[in-house]
Amino acid sequence: MDLGVRWTLHGDGRTPAPGAVVRPDERLSWPRTAGLGAQHVVAMFGASFVAPVLMGLDPNLAIMMSGVATIVFLLATRGRVPSYLGCSLSFVGVAAVIRAQGGSSATVTGAVFVVGAALFLVGLAVRHFGARIIHAAMPPIVTGAVVMLIGFNLAPVTAATYWPQDQWTALFVMLFTGLAVVCLRGFWSRIAIFLGLVFGYVLSWGLDRVFGQIHSADASGEVTDHWRLDLSGVGQADWIGLPTLHGPSFEWSAILVALPVVIALIAENAGHVKAVGEMTGDNLDDKLGTAISADGVGSMLSTAVGGPPNTTYSENIGVMAATRVYSTAAYWAAAGFALLFGLCPKFGAVVAAVPGGVLGGITVILYGMIGLLGAQIWTNAKVDLRNPLNLVPAAAGIIIGVGNVTLEFTDTFSLSGIALGTLVVITGYHALRAFAPAHLKTQEPLLDEGTSSYDTSDEGADAGGSGGKDNGEADGEGAQRAKS
């Protein structure tokens, strides 16, 4: 059985040719692969560490279980969908509502466990009926908008949380990282995000030595005099230690609050598979249902022991976009690091000490790359934004997602941000399409030929498989897009 754990060495394993991509079934040398894995850990660590803290859960357990969930995902998709599963930010608001109702950590994880189970069942349905049911519900205009609003929804995290902590460090880190991505050659350009982090770490240490403490907002948002790089927590942390575990508790009131988030998770997974398909040039539709189910299983495993839910991570899509290395070997390395780091509180303290200004400079680039992948989906699918049937739902959903608009149904139930924006794009598009005049519906096909092509006459085809074009032709066209 092919589990996707065998890789072909890309070239000499050292420096890919200019413009070349390292495909999911390829790898660089193991030291370089380990370095790329470390970069993926760094990319996901900020949000995966902060999100569980905001949810009142153990961040070290979150990191460890993200490694477990990533391994499950890679095995389930047979190494065809490069992805890291980190702590989902979609549940931060849900956790706050549940706790405001008097719920405990067990209540939060119990509610999220049910969402993971629902996501698993959705994935099974997609596997049975084929990826076409997702694409029929979310054609290119929808998937592009969802990918875009997911990426740009992260902008306030940079603008309100990271950047104000040290604006000048953020600016210099952004400039350094941008120069590294564009100007460095070979392997060094492919770890530019990690180099930007190291540069910012050293810069913050130097500024503390030269100028002393900075008067600005700290990680909690309180304006105080503080060190840019505070390593006090590192000395107090143990080298080895198990995270805190607890079982879930199930309450209907909490479950009903959490269930709507499954909409965002389906969209995130569909958008992720779409984005990876666009970048690698592969037709991944036959893995969409598996990816959704694997995400659900990963969240169920994590919440069963008291951890937060996991989802395919946008931050790591940005890393792949910057490095053009899609090797799943790098994700196995990242998962291994996460397992080890989850058992090392001292490492968690080191990464947690990364100054907010440094994260501000890096996330400006990363989050922007994520959002613009949505525009790439539109471009490759030749979506006509002059058509109001496409323009109106995408415009409304993106603004709702980016602005984190909230729609309150009751005192205890509301939709906001990614979930509400996704719902508006999907329902808005199909509702408008039902009433739109015929001349506005002429953009065909409804399905995204950029990563999907179906032979509807072949009823015996494998569910989610592709027809119309053979896989070799589709892959060849996609590869050409990736190189151009």
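See above for the structure.
The shown structure was predicted, so the numbers you read here are calculated from the model rather than taken from an experiment.

**A look at the environment of Leu 343**
Piece 1. With respect to the helices, strands and loops of the structure, Leu 343 is situated in the loop between helix 16 (328-342) and helix 17 (345-352).
Piece 2. The contact partners of Leu 343, leaving out residues within four places of it in the chain, are Met 64, Trp 239, Ile 240, Gly 241, Leu 242 and Pro 243.

**As for the packing of helix 19 (residues 388-403) against helix 20 (residues 417-435)**
Piece 1. It is the contact of helix 19 with helix 20, at a shortest axis distance of 7 Å, that shows an interaxial angle of 165°. Overall, the two elements helix 19 and helix 20 adopt an arrangement that is roughly antiparallel. In this structure, the crossing between helix 19 and helix 20 has a hand that is right-handed. Packed against helix 19, whose contacting residues are Leu 389, Asn 390, Val 392, Pro 393, Ala 394, Ala 396, Gly 397, Ile 400 and Gly 401, the element helix 20 presents Gly 417, Ile 418, Leu 420, Gly 421, Val 424, Val 425, Gly 428, Tyr 429, Leu 432 and Arg 433 at the interface.

**Description of a nonpolar patch on the surface**
Piece 1. Side chains of Leu 385, Leu 391, Val 392 and Leu 432 sit close together on the surface and give an oily, nonpolar patch of about 300 Å² of accessible area.
Piece 2. If you trace the backbone, Leu 432 turns up in helix 20.

**So, the nonpolar core**
Piece 1. Membership of the largest hydrophobic core comes to 74 residues, with the highest contact counts inside it found for Phe 91, Met 138, Val 142, Leu 288 and Trp 378.
Piece 2. The element that contributes the greatest number of residues to this core is helix 13 (residues 261-280), accounting for 10 residues.
Piece 3. Among all residues touching Trp 378, those that are not within four sequence positions of it are Pro 140, Ile 141, Gly 144, Ala 145, Met 148, Val 383, Leu 385, Ala 394 and Ile 398.

**Section: unusual backbone geometry**
Piece 1. One non-glycine residue, Arg 78, adopts positive backbone phi at about 55°.
Piece 2. Note on placement: Arg 78 falls in the loop between helix 2 (59-76) and strand 3 (85-87).
Piece 3. The partly exposed category is assigned to Arg 78, whose relative accessible area is 34%.

**What to know about the pattern of salt bridges**
It is possible for side chains of opposite charge to pair when their charged atoms get near one another.
Piece 1. Summed over the entire model, instances satisfying the criterion amount to 3 salt bridges.
Piece 2. A salt bridge links Arg 228 to Asp 208, with the nearest nitrogen and oxygen atoms 3.0 Å apart. Taken together, the positions of Arg 228 in the loop between strand 5 (223-226) and helix 11 (232-236) and Asp 208 in helix 10 (residues 192-211) put the pair 20 residues apart, joining distant regions of the chain.
Piece 3. Given a relative accessible area of 14%, Arg 228 falls into the buried group.
Piece 4. Arg 386 serves as the salt-bridge partner of Asp 384, at 3.0 Å between the closest nitrogen and oxygen.
Piece 5. Judged by relative accessible area, Asp 384 falls into the partly exposed class, the value being 26%.
Piece 6. For Arg 386, a relative accessible area of 73% puts it in the exposed group.
Piece 7. Residues joined in a network through salt bridges with shared partners are Asp 166, Asp 208 and Arg 228.

Analysis parameters
- Residues numbered from 1 in each chain as written.
- Predicted model: local features only at pLDDT ≥ 70, side-chain atom pairs only at ≥ 80, totals over all residues.
- Heavy atoms only, no water.
- Helix = DSSP H or I, 4+ residues; strand = E, 2+ residues; numbered from the N terminus.
- Contact = heavy atoms within 4.5 Å.
- Axes fitted to C-alpha atoms, helices over the stretch in contact; angles between N-to-C directions.
- Parallel < 35°, antiparallel > 145°, perpendicular 65-115°, else oblique.
- Left-handed = near helix turned anticlockwise from the far one by under 90°.
- Patch = residues over 30% accessible without salt bridge, like charges linked within 9 Å, V, L, I, M, F, W, Y side chains within 5 Å.
- Areas by Shrake-Rupley, 256 points an atom, 1.4 Å probe, with all protein chains shown as cover.
- Salt bridge = Lys/Arg side-chain N within 4 Å of Asp/Glu carboxyl O.
- Core = buried A, V, L, I, M, F, W, Y, C linked by side-chain atoms within 4.5 Å.
- Buried < 20%, exposed > 50% of the residue type's maximum accessible area, 1.4 Å probe, protein only.

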